[in-house]
Each structure stands twice: as structure tokens, then as C-alpha cells.
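If you want the building blocks of each chain, they are given just below.
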Amino acid sequence: MPVLNGVVSRFDDEAFQFVVNCKLYGTGAIFKTCYAFMGNCYVYLDFEDDDHIKVIIKQKEGKHLPPNFAEEFLNELVNQRLRVDINLETGKIREMLIAKALFTLDIHENSSESSDDFNVDILKINQLKGI
Amino acid sequence: MKSVFSTGEARLDNRIYDRALVKKGANVYADFCDVKLGPIIKNKFTLKITSKKNHLTDETRIISEFLNFILGTSLNGHSL
């Protein structure tokens, strides 16, 4: 795997080491990627320098890792970075939608017609049915 | 060369691993291993994990589980 030379290396105890560029992926995306793998792997992180994080990952006993694990990890880094970017682009809209939905819910809950009694027909469904 | 999961000796960055949380984690694993922490110097501190005598056969696993545990608790503090 010539493309991964210098990015990925192996230890004698089968652990992988990645050196990841913080400026390219962002520490948040790197942390999230590592967290996603912690179910199947043991993970150790350290700042190599101000711009790079060293990630050492070892498979847990009894857990299965894909043969192309290194590539999968690098793909997940891109995936998480993209999620961060999308969150930056659409996060405020999502927050506004949630805030609006919760605000509307609050008004309904505080309105005089609101009741926990299921016999009270808030939506006037019976009138629609002509009952 | 063996990794940190086999040696049990590591240099941790306080920006990733909160030293206070690592200290609490050491209490959680007190039945399985002894943990020695060095002082924070330029955001880094040393960590040495040695398993208890009755868990020597599982030393690598205990070291690995402890490192995962403290990373998990520290990353949660980073508001994932």
C-alpha cells in the first residue's frame, strides 16, 4: 500500500499507528473517528506536534477488524470531517427548526384547551366526522 | 517495537487526556493495576501502569482497557 506509506505503520504487537494532520481533518473529527472505533479497538492518542496527532490502534481480543482496516479508518476520518463541515453549514437552520418545534409544543401544552384527558377532543375530530 | 498497549508506559497530553480524570480512572481500576502519574509539564504528563500480581497474565489487556477507559471519559469531556 504505497499511498499509505508514511501515514500508517505497524508495531510488533499488531497495533497500527496513524499520524493525522489536525489542520486538514480537525481535532473534533479525529476524536470522533477514534471514538467510533473504540468498540472494537483500543485507542491511544498523542499530539506529535502542533499540527499532527498520533493515533495508535490495536484490535480487541475476539473482535474482528476488516483486512483493509487502515483504509477504513482513513475513510472514516473524511466522513467525520464532512459531518463537521455540514454541521457548520446547516447547524443553525437545524437549531432554528428544533427551537421552533419546541416553542410551538410549549404553546400547545400551556393552552387552555390542552389536557391530559383523552376524552377532550383538542383537534375537533368528532366535528369533522359529524359525530 | 511494541506499542503503548504492551509497555504500559505512555506520555499523555493533558489537552486530550484530562489528568484529573485519569486519576479518577486509576481509582476505578485499583483492583487490577497500579497507576503512577507524573506532573504536567508543557501539557504532557507521564503514565506508568503495572498490573497487580494476581492479574499479571492479563497485563496487556488491563493496560489496554485502562487506556481506552481514560480516553473514553476524557473525549466525552470534549463534548463529542
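Residues numbered from 1 in each chain as written. Chains lettered and ligands numbered in written order. Predicted model: local features only at pLDDT ≥ 70, side-chain atom pairs only at ≥ 80, totals over all residues. Heavy atoms only, no water.

Some thoughts on the sheet that holds strand E3 (residues 41–49) of chain A
Counted only if it meets this: Strands pair, by our definition, only if DSSP identifies at least two bridges between them. Secondary structure counts use DSSP, requiring at least four H or I residues in a row for a helix and at least two E residues in a row for a strand, with both numbered from the N terminus. Convention adopted: a line fitted to C-alpha atoms gives each axis, helices being fitted over their contacting stretch, and angles between N-to-C directions are expressed from 0 to 180 degrees. Contacts between residues were defined by any pair of non-hydrogen atoms, one from each residue, lying within 4.5 Å.
Across the sheet, which stays open at both edges, the four strands sit in the order E1-E2-E4-E3 (chain A) with antiparallel pairing between neighbours. Pairing within the sheet leaves two strands with one partner each, and these edge strands are strand E1 (8–10) and E3 of chain A. The sheet shows a mean angle of 20° between the axes of neighbouring strands, taken without regard to direction. Summarising the sheet, E1 of chain A and strand E2 (residues 16–21) of chain A pair through three bridges and their orientation is antiparallel. Within the sheet, the bridge partner assigned to Arg 10 of chain A lies in E2 of chain A and is Phe 16 of chain A. Each of E3 and strand E4 (52–59) of chain A is contacted by helix H3 (residues 59–76) of chain B, which is oriented at about 65° to E3 of chain A, the strand it contacts most.

With respect to the interface of chain A and chain B
In plain terms, the rule: A quick way to say it: buried area is the sum, across both parts, of accessible area lost when two parts are put together, with a 1.4 Å probe. Salt bridge, as used here: a side-chain nitrogen of Lys or Arg that lies within 4 Å of a carboxyl oxygen of Asp or Glu. Side-chain atoms alone can form a polar contact between residues adjacent in sequence; in general such a contact is a pair of N or O atoms within 3.5 Å, and within protein one must be able to donate a hydrogen while the other accepts it. Residue type decides the class: Asp, Glu, Lys and Arg count as charged, Ala, Val, Leu, Ile, Met, Phe, Trp, Tyr, Cys and Pro as nonpolar, and the leftover types, Gly among them, as polar.
Each side of the interface is counted separately: chain A has 19 residues, and chain B has 26 residues. Of the roughly 2,100 Å² buried where chain A meets chain B, counting both sides, 62% is carbon and sulfur surface. It is Tyr 42, Tyr 44 and Phe 47 of chain A in chain A that bury the most area against chain B; as a group they hold 29% of the surface buried on that side. Summed over the shared surface of chain A and chain B, the number is two salt bridges. With a closest N to O distance of 3.3 Å, Arg 11 of chain B and Asp 46 of chain A form a salt bridge. Linking chain A with chain B are 13 residue pairs in polar contact (both at pLDDT 80 or more). Sorting the residues of the side of chain A that touches chain B by element identifies helix H2 (27–37), E3 and E4 of chain A as the ones contributing at least two each. Looking at side-chain class alone, the side of chain A that touches chain B contains 13 nonpolar, no polar and six charged residues.

Details of the packing of aromatic side chains
For clarity, the threshold we go by: Here is the rule: rings of Phe, Tyr and Trp (six-membered ring for Trp) pair when centre to centre is within 6.5 Å. Planes less than 30 degrees apart are stacked, more than 60 are edge-to-face, and the remainder are tilted. Only protein chains enter the calculation, and the probe is 1.4 Å; a residue is then buried if its accessible area is under 20% of its type maximum, exposed if over 50%, and partly exposed in between. Only Lys NZ and Arg CZ are tested; either one counts as a charge over a ring when it is within 6 Å of the ring centre and within 35 degrees of the ring normal.
Overall, the coordinates contain 12 aromatic pairs over all chains when judged by the stated rule. Ring geometry for Phe 37 of chain A versus Phe 69 of chain A: centroids 5.5 Å apart, planes at 85°, classification edge-to-face. With a gap of 32 residues between them, Phe 37 of chain A in helix H2 and Phe 69 of chain A in helix H3 (residues 69–110) connect regions that are remote in the sequence. With respect to burial, Phe 37 of chain A and Phe 69 of chain A carry one shared label: buried. Directly above the aromatic system of Phe 16 of chain A lies the positively charged group of Arg 10 of chain A, at a separation of 4.0 Å from the ring centroid. Positioned above the aromatic ring of Phe 45 of chain B, the side-chain terminus of Arg 19 of chain B is 5.9 Å from the ring centre.

Quick word on the nonpolar core
Rules: Take the buried residues of types Ala, Val, Leu, Ile, Met, Phe, Trp, Tyr and Cys, join any two whose side-chain atoms come within 4.5 Å, and each joined set is a nonpolar core.
Phe 18, Leu 45 and Val 55 of chain A together with Tyr 17 and Leu 47 of chain B are the most contacted members of the largest nonpolar core, which has 51 residues in total. Ranked by the residues each element gives to this core, the list is headed by H3 of chain B, at seven residues. In this structure, Phe 18 of chain A is in contact with Val 7, Val 8, Ile 53, Lys 54, Val 55, Phe 69, Ala 70, Phe 73 and Leu 74 of chain A, ignoring residues within four places of it in sequence.

Comments concerning H3 of chain B
How we decide: Multiplying one less than the number of residues by 1.5 Å gives the expected span of a helix.
Helix length check: H3 of chain B, at 18 residues, gives a terminal C-alpha distance of 26 Å against a target of 26 Å (1.5 Å per residue), a fit within 8%. The complete set of buried residues in H3 of chain B reads Ile 62, Ile 63, Ser 64, Phe 66, Leu 67, Asn 68, Ile 70, Leu 71, Gly 72, Ser 74 and Leu 75 of chain B.

A few points about the confidence of the model for chain A
As a reminder of what qualifies: For every residue, the predictor reports its confidence as pLDDT, a number between 0 and 100.
On average, residues of chain A carry a pLDDT of 85, and 85% of them reach 70 or more. The secondary-structure element of chain A with the lowest mean pLDDT is helix H4 (residues 125–129) of chain A, recorded at 72, while E3 of chain A shows the highest, at 95.

Some details on the packing of helix H2 (residues 19–28) of chain B against H3 of chain B
When two helices pack together, you describe them by how their axes are tilted relative to each other and by the distance separating the axes. Residue and element names in this part refer to chain B. What counts here: An angle counts as roughly parallel when it lies under 35 degrees, as roughly antiparallel when it exceeds 145, as roughly perpendicular when it falls between 65 and 115, and as oblique in every other case. Crossings are classed by handedness, with left-handed meaning an anticlockwise turn of the near helix from the far one by less than a right angle and right-handed meaning a clockwise turn.
Interhelical geometry of H2 versus H3 gives an angle of 135° and a closest axis separation of 10 Å. Considering the angle they form, H2 stands oblique to H3. Here the hand of the crossing between H2 and H3 comes out right-handed. Of the residues in H3, those in contact with Leu 21, Val 22, Gly 25, Ala 26 and Val 28 of H2 are Phe 66, Phe 69, Ile 70, Thr 73 and Ser 74. Residue composition of the contact of H2 with H3, by class: seven nonpolar, three polar and no charged.

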